[in-house]
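Examining the three-dimensional arrangement
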Amino acid sequence: MNALIIGSGGREHALAWALSRSPQKPSIFVAPGNAGTQQVATNLELDAPDPDAVQALVEAHGIGLVVIGPEQPLVSGLANRLREVGVAVFGPGKGAAQIEGSKAFSKAFMERHNIPTAAYRTFRRQDEAALRAYVKEQGAPLVLKASGLAAGKGAIVCMNRREIEDGLSQLLSGDQFDQAAEEIVVEAFMEGEEASLFVVADGTSWVMLPTAQDHKRIGDDDTGPNTGGMGAYAPAPVMTPDMMDLATERIVQPTLDGLAAEGMPYNGVLYVGLMITPDGPKVVEYNCRFGDPEAQAVLPLVTSDVLELLLATAEGRLSEIDVTVSNMASACVVMASGGYPGAYSKGLPVSGLDMATQLPNTLVFHAGTVGVGSLVRTSGGRVLAVSAQASGLQGALARAYTGISLIHFDGAYHRTDIGRKGLLHDMSLAAAPRSGSTRPSE
Ligand code: GLY
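Figured I'd write up the structure that's included with this text.

**Some thoughts on the site of the ligand**
Within the structure, the ligand sits among Asp-214, Gly-228, Tyr-271, Arg-289, Gly-291, Asp-292, Pro-293 and Glu-294. Backbone polar atom of Gly-228 to a nitrogen atom of the ligand: 3.0 Å apart, as the coordinates give it. Residue Arg-289 places a side-chain N or O atom 2.7 Å away from an oxygen atom belonging to the ligand. A total of 200 Å² of accessible area belongs to the ligand in isolation, and the protein chains cover 89% of it. Here the shell around the ligand is composed, by residue class, of two nonpolar, two polar and four charged.

Structure follows, in structure tokens:
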């Protein structure tokens, strides 16, 4: 089996690593990949994931499974195009990917299917007067969101009038968000702790992988601007068995049933960002792909064959396979370039990678790196993540931070409080993943 992963981040390195452990001994290709993926796979050049270029790679390398990592090509319909030419694809088609590609769509979808989420209104950018009047009436705190894809930067949490004004200026000026903010969603602020669910679904059956918690802000104690994610741990103990029951019954099942009933059965991983509120779990957002860096914490906990999981999903036979997960805890800490998420330098040499990977149960997943001969150099904002597993969260965090301490590049930055909220909970780790099937529509 030849498998092709599309993307170049830490999530794609974690996917390539997970596939490389398959007993089916696949040949793995990553396009375009990074310096880490080339250690477990063959990197292929790909300037942009346009369908013609990806189809050419599939044909040239006899690919039997394509795994699409990032949201942009999913929202643009890459999965549809590949399926049309008979390729097995892990990832939703353009219709279902709207669940991430359009916040206006996803909020209206949740309303149609009575899925708990924050109260909201959607406005077109040109209806500025109505938008301003509504925001004034609501007052702070509230959340302003660009409806379209905005590389994780489209949600602006406004805690006071000043922040509302700044947020509106950013969204309305068109400079920063361009087409992504042609529609603007205004949401009520939700108080609580966040958690992420990863539901692998093949259109009729689904299985849930371990839950996780991301750390979106750049600074310790959740301060400073939003990033793509500075670290994650799994499972997230805030998702107690009772909370998992509620999330399954009120959110996961109705979401998959609703998509199927609307003619868009979901194939791929549905990432549900939750807020655990005093009224139970509510949806913050849906994503149509694995989280990054959550995948780097979650995938090492899957003990069954990940290639078989992704292939069976792509082929619609998920109910025929067993999916097993470890009862260990997993923690992942991101090392970023100094200045990220603002401007940062590139091309800095990275040292200490070999020492970190020799630690027990410790993995280094590359993101913004390039291999230059035997040297690894930085090439992005989030440079790499150290992911470690242990019998408890404390041990996993200690291992991940030991790995971080061994790696160096000029200006390297990481948060020092990853997992702290998790340590405040009683740890009760679920060993058996939940699963279910999509109910046929009436
Ligand atoms: N870590 C957040 C995301 O992948 O969207």
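Right, picking up where we left off after that structure.
**Notes on helix H3 (residues 51–60)**
If you check which residues of H3 are buried, you get Val-54, Gln-55, Leu-57 and Val-58. Here the buried residues of H3 occupy an arc of 160° about the axis, which is enough to place them on one side. Opposite the packed face of H3, turned more than 90 degrees from it, sit the exposed residues Asp-52, Glu-59 and Ala-60. The inward-facing, buried residues of H3 abut strand E1 (2–7), strand E2 (27–32), strand E4 (65–68) and helix H5 (78–84). Put simply, Asp-50 is the residue that caps the front of H3, since its side-chain oxygen is 3.1 Å from the backbone nitrogen of Asp-52. Directly beyond the C-terminal end of H3, a positive phi value near 55° is found at Gly-62.

**As for the pairing of strand E23 (residues 382–390)**
The buried fraction of E23 amounts to nine of the nine residues, a majority that puts the element mostly inside the structure. As paired strands, strand E18 (residues 329–336) and E23 are joined by eight bridges and run antiparallel to one another. Bridge assignment links Val-333 to a residue of E23, and that residue is Val-386. Taken together, the five bridges between strand E20 (residues 362–366) and E23 define a ladder with antiparallel strand orientation. By the bridge assignment, Leu-363 is partnered in E23 with Ser-387.

**A word on the sheet that holds E1**
On the basis of which strands lie adjacent, the open sheet formed by five strands has the order E3-E2-E1-E4-E5 and parallel pairing. Edge strands, defined here as strands with exactly one partner in the open sheet, are strand E3 (42–43) and strand E5 (88–90). Where E1 meets E2, six bridges bridge the pair, whose relative direction is parallel. Following the sheet pairing, Ile-5 is matched in E2 by Val-30. Each of E1, E2 and E4 is contacted by helix H1 (residues 10–20), which is oriented at about 165° to E1, the strand it contacts most. Its contacts with the sheet put H3 on E1, E2 and E4, and the angle it makes with E1 is roughly 160°.

**Concerning the sheet that holds strand E17 (residues 280–287)**
The strands making up a sheet are joined through hydrogen bonds of the backbone, oriented either antiparallel or parallel. Strand order in the open sheet made by the five strands is E17-E16-E10-E11-E24, with antiparallel pairing throughout. In the strand order of this sheet, the two ends are held by E17 and strand E24 (435–437), each with one partner. Within this sheet the neighbouring strands show an average axis-to-axis angle of 30°, counted without direction. Pairing of strand E11 (residues 205–208) with E24 involves three bridges; the strand directions are antiparallel. If you follow Val-207 over to E24, its bridge partner there is Ser-435. Across the sheet, helix H10 (residues 241–261) is in contact with strand E10 (193–202), E11, strand E16 (267–277), E17 and E24; its angle to E17 comes to roughly 40°.

**A closer look at the side chain of Glu-294**
Tracing the sequence through the fold places Glu-294 in helix H11 (residues 294–298). Among buried charged residues, Glu-294 stands out as having no salt bridge; its nearest opposite-charge side chain is Lys-216, 5.6 Å away. Excluding anything up to four places from it in sequence, Glu-294 contacts Ser-196, Phe-198, Ala-212, Asp-214, Ala-232 and Tyr-271.

Rules and cut-offs
Residues numbered from 1 in each chain as written. Predicted model: local features only at pLDDT ≥ 70, side-chain atom pairs only at ≥ 80, totals over all residues. Heavy atoms only, no water. Near = heavy atom within 4 Å. Polar contact = N/O pair within 3.5 Å; in protein donor to acceptor, adjacent residues only side chain to side chain. Areas by Shrake-Rupley, 256 points an atom, 1.4 Å probe, with all protein chains shown as cover. Nonpolar A, V, L, I, M, F, W, Y, C, P; charged D, E, K, R; others polar. Buried < 20%, exposed > 50% of the residue type's maximum accessible area, 1.4 Å probe, protein only. Helix = DSSP H or I, 4+ residues; strand = E, 2+ residues; numbered from the N terminus. Arc of directions from axis to C-beta. Contact = heavy atoms within 4.5 Å. Pairing = 2+ DSSP bridges. Axes fitted to C-alpha atoms, helices over the stretch in contact; angles between N-to-C directions. Lys, Arg positive; Asp, Glu negative; His and termini not counted. Salt bridge = Lys/Arg side-chain N within 4 Å of Asp/Glu carboxyl O.

By themselves, these figures tell us nothing about what the structure is for.
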